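Each chain is listed here by its residues.
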Number of protein chains: 2
Amino acid sequence: MSDFNSNDIILLSHGGGGGRTQALIRNIILRRLGNPTLDRLDDSACLSIPESELAFTTDSYVVNPIFFPGGDIGKLAACGTINDLVMQGAEPRYLSLGLILEEGLPLRDLDQVIQSLAEVTAQTGVRVVTGDTKVVERGKGNGIFINTSGIGVRLPGTDVHVSNARPGDAVIITGTLGDHGAAVMSRRLNLETDLASDVAPLWTLIAPLLRLPAIHCLRDPTRGGVAAAVCDLANSSHVGIRLKELALPVRNEVRGICQLLGLDPLNAANEGKAIIVCPETETDRALQLLRSHPLGREAAVIGIVTAESAGLAVLETAAGGERIIHLPLGEDLPRIC
Amino acid sequence: MSDFNSNDIILLSHGGGGGRTQALIRNIILRRLGNPTLDRLDDSACLSIPESELAFTTDSYVVNPIFFPGGDIGKLAACGTINDLVMQGAEPRYLSLGLILEEGLPLRDLDQVIQSLAEVTAQTGVRVVTGDTKVVERGKGNGIFINTSGIGVRLPGTDVHVSNARPGDAVIITGTLGDHGAAVMSRRLNLETDLASDVAPLWTLIAPLLRLPAIHCLRDPTRGGVAAAVCDLANSSHVGIRLKELALPVRNEVRGICQLLGLDPLNAANEGKAIIVCPETETDRALQLLRSHPLGREAAVIGIVTAESAGLAVLETAAGGERIIHLPLGEDLPRIC
């Protein structure tokens, strides 16, 4: 399957900026991701973007392990940054790719990761136009860290931001909670499960909604999960948010692994989901659009925005009580993305 | 001097995306780098850029040690990416900041690094508009790795690129060779020297030259030094390049440490220098502009572009002979930037 055998590994000299760096870039990066702009290997990519309203974002990916059920760090690095652009109402256009490789990394692992990233960019019409490769000594990294930054073009007329939730709005999630977090945890603990990360690029799911008159907020509940996202929305928009526990879509396997580990699916990371806040009158139309897309079939209304309890997110529990949803202090398990 | 004491260190939970991450971002990042765009802490920065011709670049910085004579990884991360934009004839405007921190990093070190970065961005009018912070376990990183990506606006009418050197052109360097490489090496080996890195943002030095009618190429000789840069120019432009060893400005201390370590100043990294290729008729004007700037006082013509020996860079040695300048295979010492 791979063009590399198990003796082909990253050496410190692959990061020196000389002949060995160039060979690595040609044989793996350009072969998988090449395009006229990237192929020039100039200090910067020259881009012609006539639209003036842009979105710009960056994320570093340090997920451990780098391969997990449903994806790997390459797929994650493409999807995560693409989705951060989408959450701002922007069509993703260009990515940068910064690699920090650890001496000893098998080239076939790097090649596999770059191939995964390339599949996502090809599928979404995004181009990697500039990059950088560094190598650190054994024991000073962890196989591979990836930074991707992205540039997108904001759709005219969209004004989605986290400060824009209004009393009377509905809170929608595009699918089940915690799949990414649970999949990575299960792999880290070598548990046998059917779990898979939900990591996916969300542009084609979200783009039709941006043409609705009144989408107020978009947020992807990654690190810190839905809990962190709704705390952020409540706080930034100075509104209350009430979620119904019984309305939260959670797979049985995810619920199971969370119970096993003493975790809450509300706090578990997602990498292919979005929270959408829109007027209650728009929910039918929004759900219809979402459910017609393979990534949105389990979309559901999970709560409402209130004028009361401004700044707070509250969960109406299955047992009929309620509790405040706290911003997690740290994270239940580190290096989830 | 610092607001942090030696017990304040990075914890894994600082990377969890919850309350502790937010506190870190407020107390260090926003305090040093805050601006209305960054302060929103949205998934992406929303930018309004009416100009359509943009440059986009990325670099990860893994320099070891993170503090060295003349700078630190923060100053380097700002200057390196700014300079990559400048080398494309672009005015640097926006930076992203991706941090990968190792558990146990003293917060005062992080604060110092961010302050250094902030000094450069303030001085050059560049804004950090989006960022990301991750934490890895002790022994899985090396204190701090930084990725910065940058967006710049290309000046109308400039067409500088590495494929644009033409026979009859002169090759200019804006100052002495190898200062950054030699300074980092001396610090790593605990040598007592007066060396300091040349790390500096080059926009104000280079901008006046971009208004000259005919600057053909700009290249900053970072990893791999002047050797890698001229090999790249010769190869990309299909021309020969002849450098005169006696014309190369090299500080005595740099020459000394290179001799000590068996290295060649031609291969040593620079972080505040540019190679400029322009018609021979423009050299007087270019040198005058460069030498009127504090960063260009030692600017010198170091060689010429020829039609012969296309694809090769050649050094006319001090002894009167000549040798081919090879692209270094790896690097003499790793993690120089």
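What about the interface of chain A and chain B?
Line of reasoning, step 1. Between chain A and chain B, the contact holds 78 residues from the first and 78 residues from the second.
Line of reasoning, step 2. Summing both partners gives a buried area of about 6000 Å² for chain A against chain B, and 52% of it is carried by carbon and sulfur.
Line of reasoning, step 3. Looking at the side of chain A facing chain B, the largest losses of area belong to Asp-43, Phe-56 and Arg-223 of chain A, adding up to 14% of the total buried there.
Line of reasoning, step 4. With a shortest N-O distance of 2.6 Å, Arg-335 of chain B and Glu-137 of chain A are connected by a salt bridge.
Line of reasoning, step 5. Inspection of the region where chain A meets chain B yields 29 residue pairs in polar contact (both at pLDDT 80 or more).
Line of reasoning, step 6. Split into classes, the residues belonging to the side of chain A that touches chain B amount to 30 nonpolar, 30 polar and 18 charged.

Remarks on the pairing of strand 2 (residues 53-61) of chain B
Line of reasoning, step 1. Most of strand 2 of chain B sits out of view: 8 of its 9 residues are buried.
Line of reasoning, step 2. Sheet topology places strand 1 (residues 45-48) of chain A next to strand 2 of chain B; 4 bridges connect them, and they run antiparallel. Along strand 2 of chain B, the bridge assignment pairs Cys-46 of chain A with Ala-55 of chain B.
Line of reasoning, step 3. Bridging between strand 2 of chain B and strand 7 (residues 144-154) of chain B involves 8 bridges; their strand directions are antiparallel. Its bridge partner lying in strand 7 of chain B, Ala-55 of chain B is registered against Gly-152 of chain B.

Here's the deal with the packing of aromatic side chains
Line of reasoning, step 1. If you walk through the whole model with that rule in mind, you get 2 aromatic pairs over all chains.
Line of reasoning, step 2. Each ring, one from Phe-56 of chain A and one from Phe-56 of chain B, has its centre 6.3 Å from the other, and the planes form 80 degrees; the classification is edge-to-face. Note that Phe-56 of chain A is positioned in strand 2 (residues 53-61) and Phe-56 of chain B in strand 2, a pairing that runs across two chains. Each member of the pair, Phe-56 of chain A together with Phe-56 of chain B, is buried.
Line of reasoning, step 3. The ring of Tyr-61 of chain B has Lys-134 of chain A lying over it, and the distance from NZ or CZ to the ring centre is 5.5 Å.

Some points on the pattern of salt bridges
Line of reasoning, step 1. Counted by the stated rule, this structure contains 40 salt bridges over all chains.
Line of reasoning, step 2. With its nearest N and O atoms 3.1 Å apart, the salt bridge here joins Arg-223 of chain B to Asp-132 of chain A. Of the two residues, Arg-223 of chain B is situated in the loop between strand 9 (217-219) and helix 7 (225-237) and Asp-132 of chain A in strand 6 (residues 127-136); the pairing between them involves two chains. Per residue, the accessibility class of Arg-223 of chain B equals that of Asp-132 of chain A, and both read buried.
Line of reasoning, step 3. Put simply, Arg-40, Asp-42 and Asp-43 of chain A together with Arg-219 and Asp-232 of chain B are held in one network by salt bridges that share partners.

A closer look at a nonpolar patch on the surface
Line of reasoning, step 1. On the surface, Leu-189, Leu-191, Leu-260 and Leu-261 of chain A cluster together to form a nonpolar patch covering roughly 330 Å² of accessible area.
Line of reasoning, step 2. Looking at the element boundaries, Leu-189 of chain A is found in the loop between helix 5 (179-188) and helix 6 (203-210).

Some details on the sheet that holds strand 2 of chain A
Line of reasoning, step 1. With mixed pairing, 5 strands are arranged side by side in an open sheet as 6(A)-5(A)-7(A)-2(A)-1(B). Two strands close off the open sheet at either side, each with one partner strand: strand 6 of chain A together with strand 1 (45-48) of chain B. Each neighbouring strand pair of the sheet contributes to a mean axis angle of 20 degrees, computed without reference to strand direction.

Considerations on the domain arrangement of chain A
All names here are of chain A.
Line of reasoning, step 1. Split into domains, chain A comes out as domain 1 (12-154) and domain 2 (162-325).
Line of reasoning, step 2. Between the C-alpha centres of domain 1 and domain 2 there is a distance of 28 Å.
Line of reasoning, step 3. Between domain 1 and domain 2, the residue contacts involve 24 residues of the former and 20 residues of the latter.
Line of reasoning, step 4. Here domain 1 packs against domain 2, burying approximately 1800 Å² in sum over the two surfaces, 70% of which is carbon and sulfur.
Line of reasoning, step 5. Of all residues in domain 1, Pro-69, Asn-83 and Met-87 give up the largest surface area on contact with domain 2, accounting jointly for 32% of the area buried on that side.
Line of reasoning, step 6. Seen at the junction of domain 1 and domain 2, the total is 0 salt bridges.
Line of reasoning, step 7. Counting the contacts that link domain 1 with domain 2 gives 5 residue pairs in polar contact (both at pLDDT 80 or more).

Brief notes about the sheet that holds strand 9 (residues 217-219) of chain A
Residues and elements named next belong to chain A.
Line of reasoning, step 1. What the 7 strands build is an open sheet, ordered 9-11-8-12-10-13-14; its pairing is mixed. Of all strands in the sheet, those with a lone pairing partner are strand 9 and strand 14 (322-324), marking the two edges. Each strand of the sheet is rotated relative to its neighbour by a mean of 25 degrees, with strand direction disregarded.
Line of reasoning, step 2. With 4 bridges joining them, strand 10 (residues 240-244) and strand 13 (residues 313-316) adopt parallel strand pairing. Note on strand 13: the bridge partner recorded for Leu-243 is Leu-315.

With respect to the environment of Ile-66 of chain B
Residue and element names in this part refer to chain B.
Line of reasoning, step 1. Along the chain, Ile-66 falls in the loop between strand 2 and strand 3 (67-68).
Line of reasoning, step 2. Of the residues examined, Ile-66 reaches a relative accessible area of 14% and is grouped as buried.
Line of reasoning, step 3. Residues in contact with Ile-66, not counting those within four places in the same chain, are Asp-72, Ile-73, Leu-105, Asn-142 and Ile-144.

Topic: the relation of the copies chain A and chain B
Line of reasoning, step 1. When chain A is fitted onto chain B, the two copies agree to an RMSD of 0.0 Å after a turn of 180 degrees and an axial shift of 0.0 Å. Expressed as an axis order, the relation between the two copies is that of a two-fold axis. Of the C-alpha atoms belonging to chain A, the one lying closest to the rotation axis is found on Gly-141 of chain A, 2.3 Å away.
Line of reasoning, step 2. The residues that chain A uses at the interface reappear at the interface of chain B in 100% of cases, marking a shared surface.

Procedures and definitions
Along each chain, residue indices are assigned from 1 in the same order as the chain's sequence is written. As they are written, the chains are lettered A onward and the ligands numbered 1 onward, keeping that order. Given that this is a predicted model, residues contribute local features only at a pLDDT of at least 70 and side-chain atom pairs are listed and counted only at 80 or more, while totals for whole chains, interfaces and linings are drawn from all residues. Calculation of side-chain values draws on the structure's entire complement of heavy atoms; hydrogens and water are dropped beforehand. Any two residues whose heavy atoms approach within 4.5 Å at even a single point are treated as in contact. Two parts placed together each lose some accessible area; with a 1.4 Å probe, that loss summed over both constitutes the buried area. Here, a salt bridge means any side-chain nitrogen of Lys or Arg that lies within 4 Å of a carboxyl oxygen of Asp or Glu. Two N or O atoms form a polar contact when they lie within 3.5 Å of each other; inside protein one atom must be a possible hydrogen donor and the other a possible acceptor, and for residues adjacent in sequence the pair counts only when both atoms belong to side chains. Asp, Glu, Lys and Arg are counted as charged, while Ala, Val, Leu, Ile, Met, Phe, Trp, Tyr, Cys and Pro are counted as nonpolar; the rest, among them Gly, fall into the polar class. For the exposure calls, accessible area comes from a 1.4 Å probe over protein chains only, and a residue counts as buried if that area is under 20% of its type's maximum, exposed if over 50%, partly exposed in between. Numbering of helices and strands runs from the N terminus, with a helix taken as a DSSP run of H or I at least four residues long and a strand as a DSSP run of E at least two residues long. Pairing between strands is defined by DSSP: at least two bridges between the two strands are required. Each pair of aromatic rings taken from Phe, Tyr and Trp, with Trp reduced to its six-membered ring, is defined by centres within 6.5 Å and is described as stacked if the planes are under 30 degrees apart, edge-to-face if over 60, and tilted in the remaining cases. Counted as over-ring charges are cases with an Arg CZ or a Lys NZ within 6 Å of the ring centre that also lie within 35 degrees of the ring normal. In this scheme, patches are assembled from residues that exceed 30% relative accessible area and form no salt bridge. Like charges are connected within 9 Å, while nonpolar side chains (Val, Leu, Ile, Met, Phe, Trp, Tyr) are connected within 5 Å. Here, Shrake-Rupley sampling with a 1.4 Å probe gives the accessible areas, and only protein chains in the shown set may cover a residue. Structural elements are reduced to axes, namely lines fitted to C-alpha atoms, with helices fitted over the stretch in contact, and the angle between N-to-C directions of any two is expressed from 0 to 180 degrees. Domain start and stop points were drawn from an automatic or database domain assignment. The atoms used to superpose the copies are C-alpha atoms, taken from residues with pLDDT of at least 70 in both, and the fit is least squares.

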